[in-house]
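# Coordinate inspection notes
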Amino acid sequence: MFLISTVEKIFHTYFLLAATAGLIVLGFLGSVNVLYLTSTPPSFWGWLGLFFTVMATMRFLAFFLAQYPKRKLAEAFVTGILLEFLVLLFIFVN
């Protein structure tokens with residue numbers, strides 16, 4: 001909860017800068033996930049990881065373009081980062 005409220009304050013203060021940085025960070029992490037997931041032959045878990053990676057990034061982008069409230073946008077950013085780090089962790093564990 002503390003993480004979401006901190007990110008929400010940053011989004012309220014520097015909205016366009018934070019939203020643009022959020023797109024760049026999520027896009028970078030998503031690209032790294034896709035790079036590692038596609039470097040091996042596709043499996044069910046690889047496809048599932050690709051699906052979650054793309055959905056996490058696209059959710060943030062859709063919320064930004066649809067002009068959702070900044071609270072929802074900050075929550076989408078935090079959950080997207082956490083989800084993409086979990087997928088990256090899953091890649092390195094397996």
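Worth saying up front: this structure is predicted, and the values here are computed from it rather than measured.

Mapped onto the elements of the fold, Glu-84 is located in helix α4 (residues 70–93). Here Glu-84 occupies a buried position and makes no salt bridge, while the nearest side chain of opposite charge, Arg-59, is found at 11 Å. Those residues within four positions of Glu-84 in sequence are excluded, and the remaining contacts are Leu-26, Leu-29, Gly-30, Asn-33, Thr-53, Ala-56 and Thr-57.

We now examine unusual backbone geometry. Not every positive phi belongs to a glycine, and Gln-67 is a case in point at roughly 60 degrees. Structurally, Gln-67 can be placed in the loop between α3 (44–65) and α4.

What follows deals with the packing of helix α1 (residues 2–13) against helix α2 (residues 15–38). Angle between the axes and distance between the axes are the two parameters that describe a pair of packed helices. In contact at an axis separation of 5 Å, α1 and α2 are set at 120 degrees when each is read in the N-to-C sense. As the angle between them shows, α1 and α2 are arranged oblique. Between α1 and α2, the residues in contact are Ile-10, Phe-11 and Thr-13 and Phe-15, Ala-18 and Ala-19, respectively.

Now for the environment of His-12. With respect to the helices, strands and loops of the structure, His-12 is situated in helix α1. The class of His-12 is partly exposed, set by a relative accessible area of 45%. When the C-alpha atoms of His-12 and Ala-66 are compared, they prove to be 17 Å apart, with 54 residues separating the residues in sequence.

What counts and what doesn't
Residues numbered from 1 in each chain as written. Predicted model: local features only at pLDDT ≥ 70, side-chain atom pairs only at ≥ 80, totals over all residues. Heavy atoms only, no water. Helix = DSSP H or I, 4+ residues; strand = E, 2+ residues; numbered from the N terminus. Buried < 20%, exposed > 50% of the residue type's maximum accessible area, 1.4 Å probe, protein only. Lys, Arg positive; Asp, Glu negative; His and termini not counted. Salt bridge = Lys/Arg side-chain N within 4 Å of Asp/Glu carboxyl O. Contact = heavy atoms within 4.5 Å. Axes fitted to C-alpha atoms, helices over the stretch in contact; angles between N-to-C directions. Parallel < 35°, antiparallel > 145°, perpendicular 65-115°, else oblique.

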